[in-house]
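# Overview (structure and organization)
Given next are the chains, with one letter for each unit.
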Amino acid sequence: KQSGWYGSYALGASYIALPWWAGQLLFGNNLTWDVALLTVLYSLAGLGIAIVNDFKSIEGDRELGLKSLPVEFGIDVAKWITVGTIDLTQLAVAAYVYQGLGERWYSIAIQLLVIPQVFFQFKYFIPDPVKNDVKYQGAAQPFLVLGILMTGLAVGHHNQLLAAGGL
């Protein structure tokens with residue numbers, strides 16, 4: 001939390017990119033540029049998720065001189081940074097899955113999974129991110145995780161097609 005941007009991104013990457021890369025390398029040594037790009041993108045969504053956790057500790061962060069994004073930008077700006085990083089990242093992933101991998105149906109599934117997240121952002125998070133952070137994460141985060149699953153399935157399907165000579 002010494003730097004809200006770097007610290008939150010590092011936390012997001014440790015939850016998303018690093019475990020995925022380790023798994024790819026451990027179980028088949030097949031870490032590709034596509035996987036690296038998609039997991040780095042999803043780590044930006046992880047940055048948004050990390051910021052959600054910072055709302056409950058604004059006062060303590062201020063007292064300790066920590067520079068979490070809600071402290072640095074204020075609650076109103078930080079809540080929009082949070083939802084923007086979460087939503088725009090997933091839409092960028094969906095665009096790459098469609099354009100870069102040619103996996104149209106997986107891309108559509110990822111896009112559709114953003115809709116309930118936006119709903120819960122406006123129902124819980126935007127009105128009061130401090131009070132509703134846990135409610136928001138409990139309601140919305142499963143859809144983000146399903147999007148990550150869809151992305152993994154898209155990469156796997158794409159790689160199967162490549163291996164079979166279908167692309």
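The following paragraphs examine the structure supplied in this document. None of the values given here were measured: they were computed from a predicted structure.

Across its full length, the protein chain carries eight helices and zero strands. Taken against the 2.2 N^0.38 rule, which gives 15 Å for 167 residues, the C-alpha radius of gyration of the protein chain at 17 Å falls within 12% of a compact globule. Counting every position in the protein chain, which comprises 167 residues, the buried fraction comes to 43%. The contacts in the protein chain between residues at least 6 apart in sequence include a share of 68% that link residues at least 24 apart. Accessible surface, the protein chain: about 8,700 Å² in total, of which carbon and sulfur atoms supply 67%. Counting 9 positive and 11 negative side-chain charges, the protein chain places the averaged centre of each group 6 Å from the other.

This paragraph deals with the packing of helix H2 (residues 17-26) against helix H3 (residues 33-54). As a packed pair, H2 and H3 sit with axes 9 Å apart at the nearest point and diverge in direction by 155°. As summarised for this structure, H2 and H3 are arranged roughly antiparallel, according to the angle between their axes. Considering how the two elements wind past one another, H2 and H3 form a crossing that is right-handed. Of the residues in H3, those touching H2 at Ala-17, Trp-20, Trp-21 and Gln-24 are Val-35, Ala-36, Thr-39, Val-40 and Ser-43. In terms of residue class, the contact of H2 with H3 is made up of six nonpolar, three polar and no charged.

Moving on: the packing of aromatic side chains. All told, the structure shown has six aromatic pairs when counted by the stated rule. For the ring pair Phe-125 and Tyr-136, a centre distance of 5.0 Å and an interplane angle of 40° mean the geometry is tilted. Residue Phe-125 is found in helix H7 (residues 104-125), and its partner Tyr-136 is found in helix H8 (residues 133-163); the two are separated by 11 residues along the sequence. One exposure class covers both Phe-125 and Tyr-136, and it is buried. Through pairs of rings, three or more aromatic residues link up here, namely Phe-119, Phe-120, Tyr-124 and Phe-143.

For H2, the full list of buried residues reads Ala-17, Trp-20 and Gln-24. Angularly, the buried residues of H2 cover 75° about the axis, an arc narrow enough to put them on a single face. Downstream of H2 by one or two residues, Gly-28 has phi in the positive range, about 130°.

Its location among the elements puts Asn-159 in helix H8. When the C-alpha atoms of Asn-159 and Leu-101 are compared, they prove to be 9.2 Å apart, with 58 residues separating the residues in sequence.

As a further point, take the environment of Ile-148. Within the secondary structure, Ile-148 sits in helix H8. For the pair Ile-148 and Ala-95, spaced 53 residues apart in the sequence, the C-alpha separation amounts to 14 Å. Ile-148 has contacts with Ile-16, Trp-20 and Tyr-42, leaving out every residue within four places of it along the chain.

Per the counting criterion, the structure on display carries three salt bridges. Glu-59 serves as the salt-bridge partner of Arg-62, at 3.0 Å between the closest nitrogen and oxygen. Taken together, the residues Arg-62 and Glu-59, both in helix H4 (residues 58-64) and three residues apart, mark about one turn of the helix. The exposure class assigned to Arg-62 is partly exposed, which follows from its relative accessible area of 44%.

What follows deals with the nonpolar core. What tends to happen in soluble globular proteins is that the nonpolar side chains get buried as a cluster. Ranked by size, the top nonpolar core spans 34 residues in total, and within it Tyr-42, Val-93, Val-97, Phe-125 and Tyr-136 carry the most contacts. For this core, the secondary structure elements donating two or more residues are H3, helix H5 (69-73), helix H6 (75-99), H7 and H8. No other element matches H3, which puts nine residues into this core. Residues within four places of Tyr-42 in sequence aside, it is in contact with Ile-16, Thr-89, Gln-90, Val-93, Ile-110, Leu-144, Gly-147, Ile-148 and Thr-151.

Conventions used here
Residues numbered from 1 in each chain as written. Predicted model: local features only at pLDDT ≥ 70, side-chain atom pairs only at ≥ 80, totals over all residues. Heavy atoms only, no water. Helix = DSSP H or I, 4+ residues; strand = E, 2+ residues; numbered from the N terminus. Rg over C-alpha atoms; globule rule 2.2 N^0.38 Å. Buried < 20%, exposed > 50% of the residue type's maximum accessible area, 1.4 Å probe, protein only. Contact = heavy atoms within 4.5 Å. Areas by Shrake-Rupley, 256 points an atom, 1.4 Å probe, with all protein chains shown as cover. Lys, Arg positive; Asp, Glu negative; His and termini not counted. Charge placed at Lys NZ, Arg CZ, Asp CG, Glu CD. Axes fitted to C-alpha atoms, helices over the stretch in contact; angles between N-to-C directions. Parallel < 35°, antiparallel > 145°, perpendicular 65-115°, else oblique. Left-handed = near helix turned anticlockwise from the far one by under 90°. Nonpolar A, V, L, I, M, F, W, Y, C, P; charged D, E, K, R; others polar. Phe/Tyr/Trp six-rings, centres within 6.5 Å; stacked < 30°, edge-to-face > 60°. Arc of directions from axis to C-beta. Salt bridge = Lys/Arg side-chain N within 4 Å of Asp/Glu carboxyl O. Core = buried A, V, L, I, M, F, W, Y, C linked by side-chain atoms within 4.5 Å.

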